Amino acid sequence: MLPQTPLSSPVPKWQQTWLALLAPLYFLSPLALAGLTGLKTMPRAAQGLLAGYLISQQLPALFTDTPLQASLTALLRTLLIMGLIGLGVSWQRSERLMPLSLGLVIVTVTAVLMTVLSGVPLLSSRLAHPYMTSITLGLAGALCIWLALFGQTHRLWRIFIGFAGVSVLLLSASRGPLLAAVVGIAAGLLVQSSRRVLLGAGSITLLAGSLTTISLREGNSLLTRLVQSDTNGRDLVWSSTLSAYQSSPLSGVGTYFLGRHLQAPGASCELWTGPSGTPTCPEWLQSLGSPWLIAHNGALQQLAETGPLGLMGFFMLVGSVVFTAWKSKDALGVSVLAGLLAATLTDNTLIVPSPFFAEAFWLIAGVQLSRLTEIKVGHGVTAVAALIVLAFPIWVSSVLSKPKATVSGQLQFIQSPGQVGSAQNYTVYSGWLLTPGKYRLVMRSCLKSCAPVQVMSVDTRGQDTINLESRGTIRNVPVQTLQLQLYPAEAGTRVLPLTTHEWTVRIKP
């Protein structure tokens, strides 16, 4: 096991082993439920805060379309979070997160080996991993950097995980984790700016700059992705999530149930490929839809799942944790909390279970709650500030409610059947008069909420008018509303389309 700074009460061996194996074997996450017993030792103020959070998640669930299911899934997520918090409470020190670095290094080495063995040059494409995304790899790099700078263990191990962290962060070419890493480092430095930490931060910056310079000189475009502003289609996901919330504005749609609103009509739950080569999913999981489809924004996810009450309870808990870490001058705690919160701007890094990052957040949260003896105004102010910053897709939609003045889009004609015999291969022909440029044409199917049926790239450079064919599988229901929406080609923070045309379709076999 990795050497640690001697502490008053050592962490049980099973917890150290679990933490070291968590990143490569993230199905071990539910073992954190054993930490629920640690909640008994929390200060009364912290216990009251958790009780309020529990109520804020359970009450909305009772008013959803499926109250029993929603109550059970809300309870499941709450218990997983509280189990992790309980472990953190028993640890009392953020430095006890250090064994996680061993698993993160295993993940990093696996990704590099897989990429190299596939014959792909490291600087020509994003790192690949057997079961982790590029964003997950980037967050692994960010956590390695925070542990290297603000953790406590042997110097050589800190140097090694710092180098590994910078390498995997850049080679993953993930912008969200890069932002998280920068925010986490900056927040930690505001708390602790010793000579060792400043030297480490300078070395990391120099290493990152050197790797970037080498990549650009060799003509590799991989790292140029890090400075692009495109949100990679998240604007459409945010729009669908807002539509899901509007279908149940008081209660939300239920914990883990957002995926059924985001998946395309006719899409099946796909967990693995069966013997016949078709997507397979357990029957009990099919009722949840696709719980792994997320809003790609933490505040928006919480609002859509649990409504305003759940959102307020969640951010009161998060704000209290961050404020306590700041007041206690916990550099590692502040860096992990601030960095992973920043990552929720474009991803969902606090939902459990996760590959490892949400577990790291709630473990550190538990450490902070072990110090929370009273609720102060600062806790509420921090909660409100975090909500305002992280909920930007919501308020941007309100501020930018009008189309851009420089872009005009006019639908000249549309041929859209009002009655069909099947939901399969529904086809729409449309003609558009557009300002020359690049766009996306989205066809959506709407009942209580809307989900995309097809997203088409449109290029009108060199021409003013264009005729298009949109085709896809719509919902297999008697009556629904379909929409054609026009968006700019480059996905930004704008959630509302440039223009929308809608009509009603009936299916009569």
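The structure displayed is predicted, hence computed values, not measured ones.

S.K.: Even after reading the chapter, I still don't get the overall build of the protein chain, so can you show me in this structure?
M.R.: For the protein chain, the count of helices and strands is 16 helices and ten strands. In the protein chain, the share of contacts with a sequence separation of at least 24, taken over all contacts with a separation of at least 6, comes to 74%. About 22100 Å² of surface is accessible on the protein chain, with carbon and sulfur atoms providing 63% of the total.

S.K.: Is there a simple way to think about the sheet that holds strand 9 (residues 479–488) in this case?
M.R.: Each strand in a sheet pairs with another by means of backbone hydrogen bonds, the pair being arranged parallel or else antiparallel. Taken together, the five strands give an open sheet; going across it, the order is 4-10-9-6-7, and neighbouring strands pair in mixed fashion. With partners counted over all chains shown, the strands left at the sheet margins are strand 4 (419–420) and strand 7 (450–459), one partner each. Here strand 6 (residues 438–446) runs beside strand 7; their pairing, made up of nine bridges, is antiparallel. Looking at strand 7, one finds that L441 is bridged to M456.

S.K.: It is not clear to me how the nonpolar core should be interpreted in this structure. Could you clarify?
M.R.: Across soluble globular proteins, you tend to see nonpolar side chains buried next to one another. Counting 111 residues, the largest nonpolar core has L97, F356, W362 and L369 as the members making the most contacts within it. The biggest single contributor to this core is helix 5 (residues 134–150), with twelve residues. Those residues in contact with L97 that sit more than four places away from it in its chain are L19, W91, L147, V336, A360, L363 and I364. Counting residues in each nonpolar core, the second largest holds 22 residues, with M443, L468, L486 and V505 among its members.

S.K.: Would you explain helix 7 (residues 175–191) in this entry?
M.R.: Its 17 residues give helix 7 an end-to-end C-alpha distance of 25 Å, which sits within 8% of 24 Å, the value for a rise of 1.5 Å per residue. R175, G176, P177, A180, A181, G184, I185, A187, G188 and V191 are the residues of helix 7 that are buried. On the buried face of helix 7, the contacting elements are helix 5, helix 6 (155–172), helix 12 (298–327) and helix 13 (331–343).

S.K.: Please clarify how the packing of helix 4 (residues 100–117) against helix 5 should be interpreted in this entry.
M.R.: For any two helices packed against each other, the geometry is given by the interaxial angle and the distance between the axes. It is the contact of helix 4 with helix 5, at a shortest axis distance of 10 Å, that shows an interaxial angle of 140°. Taken together, the axis directions place helix 4 and helix 5 in an arrangement best described as oblique. The two elements helix 4 and helix 5 meet at a crossing, and its hand is left-handed. Packed against helix 4, whose contacting residues are L100, S101, L104, V107 and A111, the element helix 5 presents L137, A140, L143, C144 and L147 at the interface.

S.K.: Explain the packing of helix 12 against helix 15 (residues 377–390) here, please?
M.R.: Between helix 12 and helix 15, whose axes approach to 7 Å, the crossing angle comes to 135°. Judged on the interaxial angle alone, helix 15 and helix 12 are oblique. Seen along the crossing, helix 12 lies across helix 15 with a hand that is right-handed. Across the interface between the two elements, A299, L311, F315, M316, G319, S320, V322, F323 and T324 from helix 12 touch G378, H379, G380, T382, A383, A386, L387 and L390 from helix 15.

S.K.: Help me out: how do you make sense of the packing of aromatic side chains in this one?
M.R.: Two measures describe an aromatic ring pair: the distance that separates the ring centres and the angle between the ring planes. On inspection of all chains with the given rule, the structure shows seven aromatic pairs. Each ring, one from W157 and one from F160, has its centre 5.6 Å from the other, and the planes form 35°; the classification is tilted. Here W157 pairs with F160, and both are found in helix 6, just three residues apart, close to one helical turn. Assessed through its relative accessible area of 18%, W157 is described here as buried.

S.K.: I keep staring at the side chain of R158 and nothing clicks. Help me out?
M.R.: Within the secondary structure, R158 sits in helix 6. No salt bridge is formed by the buried R158. Its closest oppositely charged neighbour is E95, at 11 Å. Only 2.7 Å separates the side chain of R158 from the backbone oxygen of T153, close enough to count as a polar contact.

S.K.: Would you mind going over helix 2 (residues 44–61) with me for this structure?
M.R.: Three- or four-residue spacings in an α-helix give side chains the same orientation, since the helix completes a turn every 3.6 residues. Spanning 18 residues, helix 2 covers 26 Å between terminal C-alpha atoms, matching the ideal 26 Å at 1.5 Å per step. Residues of helix 2 that are buried include every one of A45, A46, L49, L50, Y53, S56, Q57, Q58, P60 and A61, and no others. Buried residues belonging to helix 2 abut helix 3 (67–91), helix 12 and helix 14 (357–369).

Rules of the game
- Residues numbered from 1 in each chain as written.
- Predicted model: local features only at pLDDT ≥ 70, side-chain atom pairs only at ≥ 80, totals over all residues.
- Heavy atoms only, no water.
- Helix = DSSP H or I, 4+ residues; strand = E, 2+ residues; numbered from the N terminus.
- Contact = heavy atoms within 4.5 Å.
- Areas by Shrake-Rupley, 256 points an atom, 1.4 Å probe, with all protein chains shown as cover.
- Pairing = 2+ DSSP bridges.
- Core = buried A, V, L, I, M, F, W, Y, C linked by side-chain atoms within 4.5 Å.
- Buried < 20%, exposed > 50% of the residue type's maximum accessible area, 1.4 Å probe, protein only.
- Expected span 1.5 Å × (residues − 1).
- Axes fitted to C-alpha atoms, helices over the stretch in contact; angles between N-to-C directions.
- Parallel < 35°, antiparallel > 145°, perpendicular 65-115°, else oblique.
- Left-handed = near helix turned anticlockwise from the far one by under 90°.
- Phe/Tyr/Trp six-rings, centres within 6.5 Å; stacked < 30°, edge-to-face > 60°.
- Lys, Arg positive; Asp, Glu negative; His and termini not counted.
- Salt bridge = Lys/Arg side-chain N within 4 Å of Asp/Glu carboxyl O.
- Polar contact = N/O pair within 3.5 Å; in protein donor to acceptor, adjacent residues only side chain to side chain.

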